[in-house]
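Chains, contacts and geometry: an overview
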Amino acid sequence: NGKSGMSIFKEFLVSQGKGTYKPDAIYLGQVNISLIEDYITYRREVKGNKDATINHALTPIISAMERANNEGLIDSRVYADIKECRVVEQPVLDNEQFDGKSYLTKEQLNKLIEFYNQDTEPRRKEYIEMFLFAFHTGGLRMVDVMTLMWSHINIEKKELRKIQVKTATGKHQRHTVPLNDAAIAILYRWKQRARREKFVFDLVDDTFNIDDSENLYYTRNSCDRKVNQSLHVVGNRIGLDANLTFHWARHTFAILSLNDGMSLSMVSRFLGHSSTDVTEQVYADYLPTTLAEELDKLNYYYVPDFDGDN
């Protein structure tokens with residue numbers, strides 16, 4: 001990924017005529033904050049990259065400048081500017097997006113179970129188990145399933161407690177989810193497989209460092225691709241019109257629980273949203289559309305007997 005980023009940096013140097021050593025290369029002494037700002041603009045306006053992608057593309061440049069600074073090859077003040085040049089990303093609804101279609105109905109969930117029972121591909125069946133576990137635990141994201149440790153699980157209390165990677169803040173508040181019998185059954189199955197001592201699912205090795213944000217980002221994307229490739233096949237086999245992905249488990253939990261009467265605040269807590277405003281905006285079409293519907297549910301009728309009123 002670093003090489004890919006630097007390849008685009010070379011394109012930038014050539015297209016903007018900023019190469020000083022060669023058309024696609026530059027002397028360390030010519031790298032400054034102005035150049036980096038121009039590169040950020042290039043990535044955004046020419047390549048159409050989002051802020052997160054731009055920040056990852058800056059990593060190899062910042063790393064190179066750090067090394068150059070440590071070896072006394074550049075002015076430390078230049079490095080101080082460059083290491084702070086990452087784009088400030090704008091929060092967008094906890095990065096939740098929902099197109100109104102990417103979820104399974106109860107009938108489709110049953111078809112998924114039927115497919116699992118008949119499938120002969122072991123790894124694909126394991127991915128389905130992970131998908132169902134995410135659904136039963138209130139829509140855990142891929143990154144949280146990938147980094148789920150046995151230390152996060154308390155079988156006796158039927159509880160899962162972990163810091164959600166996607167929405168972790170400086171306070172590192174733990175996300176607590178009750179475990180139903182279905183989730184526990186899946187955990188026992190993975191306990192019997194005993195492939196990892198540290199992590200529940202064998203998506204990463206026990207040596208994986210979850211505090212390495214760069215590696216975490218790329219590993220999550222890699223896991224997404226592998227799992228989703230299998231789920232695409234599953235979705236096709238059970239007759240879906242769109243590609244089934246792991247994130248459907250999250251939307252499926254949200255939609256089914258709202259349809260079955262779970263309160264907005266409870267759904268929001270399961271999903272780990274920062275506020276109910278996020279949940280309401282993402283799933284607005286699946287909430288009661290009028291105040292009249294909510295009032296009718298209360299069925300209040302505290303009225304005197306007017307028939308006997310003279």
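So, here is what we can say about the structure in this document. Worth saying up front: this structure is predicted, and the values here are computed from it rather than measured.

This brings us to the layout of surface pockets. Counted as a void, the second largest pocket has a volume near 260 Å³. Taken together, 14 residues line the second largest pocket, and the ones lying closest to its centre are Met6, Phe9, Ile26, Val31 and Ala64. Its residues assigned to classes, the lining of the second largest pocket shows 12 nonpolar, no polar and 2 charged.

Another aspect to go through is helix α10 (residues 248-259). If you check α10, its first and last C-alpha atoms are 16 Å apart, about what 12 residues at 1.5 Å a residue would give, namely 16 Å. Of all the 12 residues making up α10, 11 are buried; the element is thus mostly covered by neighbouring parts of the structure. Residues Trp248, Ala249, Arg250, His251, Thr252, Phe253, Ala254, Ile255, Leu256, Ser257 and Leu258 constitute the buried set of α10. On the buried face of α10, the contacting elements are α5 (106-118), α6 (122-136) and α11 (264-271). Directly after α10, the chain includes Gly261, whose backbone phi takes a positive value near 100°.

This part covers the packing of aromatic side chains. A complete count under the given rule lists 11 aromatic pairs for this structure. Aromatic side chains Phe133 and Phe201 sit 5.3 Å apart centroid to centroid with 65° between the ring planes, which places their arrangement in the edge-to-face category. On the criterion of sequence distance, the pair formed by Phe133 in helix α6 and Phe201 in the loop between α8 (181-193) and α9 (213-237) is long-range, its members being 68 residues apart. Assessed through its relative accessible area of 0%, Phe133 is described here as buried.

This part takes up the packing of α6 against α9. In a pair of packed helices, the angle between the axes and the distance between the axes together describe the arrangement. Interaxial distance between α6 and α9 falls to 10 Å at its minimum, and their mutual angle equals 90°. As judged from the angle between their axes, α6 and α9 are roughly perpendicular. Contacts between α6 and α9 involve Arg124, Tyr127, Ile128 and Phe131 from the former and Lys226, Val227, Ser230, Leu231, Val233, Val234 and Arg237 from the latter. Of the residues assigned to the contact of α6 with α9, the class counts are 7 nonpolar, 1 polar and 3 charged.

Rules of the game
Residues numbered from 1 in each chain as written. Predicted model: local features only at pLDDT ≥ 70, side-chain atom pairs only at ≥ 80, totals over all residues. Heavy atoms only, no water. 1 Å grid on protein atoms, 1.4 Å probe; cavity = no way out; pocket = protein on both sides within 12 Å on 5 of 7 lines; lining within 4 Å. Points joined across faces, edges and corners; volume = space filled by probe spheres on them. Nonpolar A, V, L, I, M, F, W, Y, C, P; charged D, E, K, R; others polar. Helix = DSSP H or I, 4+ residues; strand = E, 2+ residues; numbered from the N terminus. Expected span 1.5 Å × (residues − 1). Buried < 20%, exposed > 50% of the residue type's maximum accessible area, 1.4 Å probe, protein only. Contact = heavy atoms within 4.5 Å. Phe/Tyr/Trp six-rings, centres within 6.5 Å; stacked < 30°, edge-to-face > 60°. Axes fitted to C-alpha atoms, helices over the stretch in contact; angles between N-to-C directions. Parallel < 35°, antiparallel > 145°, perpendicular 65-115°, else oblique.

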